[in-house]
Amino acid sequence: MSITNDKQFKAALEALPVARQRRVAARFVQLVSDLSDDVRVRAAIDAAAREGVTDAELEVLYKAANSARVESLTRCGAETDWCDQTAHFIAKAATACVRPASAGGNLAWDAAMHARMAATFAALMRGEGTETRAAEQQYHILEAFLNE
């Protein structure tokens, strides 16, 4: 299956069971995770990528990643600091990866969108503008994941 747009991308993600959504979501976030030095965020991404992660682990990691998300939001402040914005969206993406299934929604889609925002802010931080290839990279990651 060739994924060339967000409509196909989202439909393919919605067809996955939650456990597989978590694993592919982690791969999307790993594209930008090196821009965060928060151990709670990294732990959430690592756990989501792991097959067989337990609900108890996810609950603990969700709370920790969500705390990182809240703290990163407060650092953003009124000033536009691209580094802080990047960290905030990585934390949001990591939180989506370990979000309880009972919360509903497509956690892989949410993680992908937050990872794209992080990639955009990282590009701005580097003075490159807003053009990123994050969507295309995510399409390829999902295609490879589906073919495994």
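Placed above this text is the structure.
Since the model is a prediction, treat every value here as computed from it, not as a measurement. (Residues numbered from 1 in each chain as written. Predicted model: local features only at pLDDT ≥ 70, side-chain atom pairs only at ≥ 80, totals over all residues. Heavy atoms only, no water.)

Participant: I'd like to hear about the overall build of the protein, residue by residue, with values.
Facilitator: Counting its regular elements, the protein contains seven helices and zero strands. The order of α-helices and β-strands along the protein, N terminus first, is α-α-α-α-α-α-α. Here the C-alpha atoms of the protein give a radius of gyration of 15 Å, agreeing with the 15 Å that 2.2 N^0.38 yields for 148 residues. Summarising its shape, the C-alpha atoms of the protein cover approximately 40 × 35 × 20 Å along the three principal directions. For the protein, the proportion of its 148 residues judged to be buried stands at 45%. Taking the contacts inside the protein whose residues are at least 6 apart along the sequence as the reference set, 66% of them involve residues at least 24 apart. Carbon and sulfur atoms form 52% of the exposed surface of the protein, whose accessible area is close to 7,500 Å². Within the protein, one finds 17 positive and 20 negative side-chain charges whose respective centroids are separated by 4 Å. (Helix = DSSP H or I, 4+ residues; strand = E, 2+ residues; numbered from the N terminus. Rg over C-alpha atoms; globule rule 2.2 N^0.38 Å. Buried < 20%, exposed > 50% of the residue type's maximum accessible area, 1.4 Å probe, protein only. Contact = heavy atoms within 4.5 Å. Areas by Shrake-Rupley, 256 points an atom, 1.4 Å probe, with all protein chains shown as cover. Lys, Arg positive; Asp, Glu negative; His and termini not counted. Charge placed at Lys NZ, Arg CZ, Asp CG, Glu CD.)

Participant: Talk me through the nonpolar core; I want residue IDs and the actual numbers.
Facilitator: Residues Phe9, Leu13, Val24, Phe28 and Leu142 are the most contacted members of the largest nonpolar core, which totals 44 residues. Looking at this core, the elements that each hand over two or more residues are helix H1 (6-14), helix H2 (18-30), helix H3 (39-49), helix H4 (55-76), helix H5 (82-97), helix H6 (107-125) and helix H7 (134-146). Looking at this core, the element that brings in the most residues is H6, giving nine residues. Setting aside its immediate chain neighbours within four residues, Phe28 contacts Phe9, Leu13, Ala108, Ala112, Ala115, Gln138, Ile141 and Leu142. (Core = buried A, V, L, I, M, F, W, Y, C linked by side-chain atoms within 4.5 Å.)

Participant: Now, about the environment of Leu146: what can you tell me, with residues and values included?
Facilitator: Turning to its location among the elements, Leu146 is positioned in helix H7. The exposure class of Leu146 is partly exposed, given its relative accessible area of 30%. For the pair Leu146 and Leu13, spaced 133 residues apart in sequence, the C-alpha separation works out to 9.8 Å. Beyond its immediate sequence surroundings of up to four residues, Leu146 is in contact with Met1, Ile3, Ala12 and Leu16.

Participant: Quick rundown of the side chain of Arg99? Include the residues and the values.
Facilitator: With respect to the element layout, Arg99 can be found in the loop between H5 and H6. Residue classification places Arg99 among the buried residues on the basis of a relative accessible area of 15%. Separated by 3.3 Å, the side chain of Arg99 and the backbone oxygen of Gly104 make a polar contact. For Arg99, the residues in contact, after removing those within four places along its chain, are Arg22, Tyr62, Gly104, Gly105, Asn106, Leu107 and Asp110. (Polar contact = N/O pair within 3.5 Å; in protein donor to acceptor, adjacent residues only side chain to side chain.)

Participant: Tell me about the packing of aromatic side chains, and please be specific about residues and values.
Facilitator: This model, assessed by the stated rule, comprises four aromatic pairs. Taken together, a centroid distance of 5.4 Å and an interplanar angle of 50° make the contact between Phe9 and Phe28 tilted. Taken together, the positions of Phe9 in helix H1 and Phe28 in helix H2 put the pair 19 residues apart, joining distant regions of the chain. Across the pair, exposure class does not vary: Phe9 and Phe28 are buried alike. Seen from their ring centres, Phe89 and Phe121 are 5.4 Å apart, and the 25° between their planes marks the pair as stacked. One end of the pair, Phe89, is in helix H5; the other, Phe121, is in helix H6, and 32 residues separate them in sequence. (Phe/Tyr/Trp six-rings, centres within 6.5 Å; stacked < 30°, edge-to-face > 60°.)

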